[in-house]
Amino acid sequence: MESFAGNIFAFVLFVSPIPTFRRIIRNQSTEQFSGLPYMYALLNCLISLWYGMPFVSPGIILVATVNSIGAIFQFVYITIFIIYADKAKKLKMSGMLISVFAIFVLVVLMSLEFLDPHERQMVVGYLSVASLISMFASPLLVINLVIKTKSVEYMPFYLSFATFLMSLSFFVYGILKSDLFIYIPNGIGTILGIVQLILYYYYSSKVSEDLKDPLVDQYV
């Protein structure tokens, strides 16, 4: 049940950047948006997809399912970003995209060729933890920006809430499965989600008290 809920919340998280990319397409420019969070997310989805496969980690196929969907979403977002980015960003993002797929292929080949089943699960598990923590760490840039500007403009509520719910669901699922490679990074994600929600509540209330104009939510 927890894994099913996590898949639902993960899907909400995957579709949450759609308004940003509708804006990019409409304006035919990436403006000041960053493509790095989507690159981190793609790498995490690919590594976690591999970790959830039966011949790596039996019994957690739903982890592979949700991350396969996530990888498709992130690839589409990155492709749109590259199309509408300026030349410098286009080259940088294209190079990073190639690197992400190269890393993924290398992980797959090395784990199949040189590791036995137990070693494969352990090594890929540690890599999935590292990639998931890096994905969860990307909002730290946004948290820093919120504190600096005292504005929640770049941290929309629905994105923070979906991150919290997804992390919490997979944290519980990981505990029930006794899988530290699932519950440790998602425990960190849950904490970061709570921090984002607290900041959102604090600064959105502060804006209301100061009678400021409402800001447009963006995801960078």
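Higher on the page you've got the structure.
These numbers were taken from a predicted model, which means no experiment stands behind them.

S.K.: Can you break down the overall build of the protein chain residue by residue, with the values?
M.R.: When you go through the protein chain residue by residue, the secondary structure sums to nine helices and zero strands. Ordering the α and β elements of the protein chain from the N terminus gives α-α-α-α-α-α-α-α-α. Taking all 220 residues of the protein chain together, the buried fraction comes to 47%. Long-range pairs, those at least 24 residues apart, make up 77% of the contacts in the protein chain with a sequence separation of at least 6. Split by element, the accessible area of the protein chain, about 11500 Å² in all, is 72% carbon and sulfur.

S.K.: Got a sec to walk through the packing of aromatic side chains? Specific residues and values, please.
M.R.: Counted under the stated rule, the structure contains 12 aromatic pairs. Ring plane angle 15° and centroid distance 4.8 Å describe the contact between Phe 21 and Tyr 77, whose orientation is recorded as stacked. Linking Phe 21 in helix 2 (residues 18–27) with Tyr 77 in helix 4 (residues 61–84), this pair joins segments that are 56 residues apart in sequence. Exposure remark for Phe 21: the relative accessible area of 3% places this residue in the buried category. You can call Tyr 77 buried: its relative accessible area is 4%.

S.K.: Describe the packing of helix 4 against helix 5 (residues 87–114), and please don't skip the residues or the numbers.
M.R.: In the contact formed by helix 4 and helix 5, the axes pass within 8 Å of each other and the chain directions differ by 155°. The angle between helix 4 and helix 5 falls in the class roughly antiparallel. When you trace helix 4 past helix 5, the crossing you get is left-handed. For the pair helix 4 and helix 5, the contacting residues are Phe 75, Ile 78, Phe 81, Ile 82, Ile 83 and Tyr 84 in the first and Lys 89, Lys 90, Met 93, Ser 94, Leu 97 and Phe 101 in the second. Partitioned by chemical class, the residues of the contact of helix 4 with helix 5 number nine nonpolar, one polar and two charged.

S.K.: Account for unusual backbone geometry, with residues named and values stated.
M.R.: For Gln 28, which is not glycine, the phi torsion reads 55° and is therefore positive. Tracing the chain through its elements places Gln 28 in the loop between helix 2 and helix 3 (36–51). You will see that Ser 178, though not glycine, has its phi angle at about 55°, which is positive. With respect to the secondary-structure elements, Ser 178 resides in the loop between helix 8 (157–176) and helix 9 (180–209). A relative accessible area of 65% places Ser 178 in the exposed class.

Here is what the cut-offs are and how they apply
- Residues numbered from 1 in each chain as written.
- Predicted model: local features only at pLDDT ≥ 70, side-chain atom pairs only at ≥ 80, totals over all residues.
- Heavy atoms only, no water.
- Helix = DSSP H or I, 4+ residues; strand = E, 2+ residues; numbered from the N terminus.
- Buried < 20%, exposed > 50% of the residue type's maximum accessible area, 1.4 Å probe, protein only.
- Contact = heavy atoms within 4.5 Å.
- Areas by Shrake-Rupley, 256 points an atom, 1.4 Å probe, with all protein chains shown as cover.
- Phe/Tyr/Trp six-rings, centres within 6.5 Å; stacked < 30°, edge-to-face > 60°.
- Axes fitted to C-alpha atoms, helices over the stretch in contact; angles between N-to-C directions.
- Parallel < 35°, antiparallel > 145°, perpendicular 65-115°, else oblique.
- Left-handed = near helix turned anticlockwise from the far one by under 90°.
- Nonpolar A, V, L, I, M, F, W, Y, C, P; charged D, E, K, R; others polar.

Nothing here speaks to function; it is all geometry.
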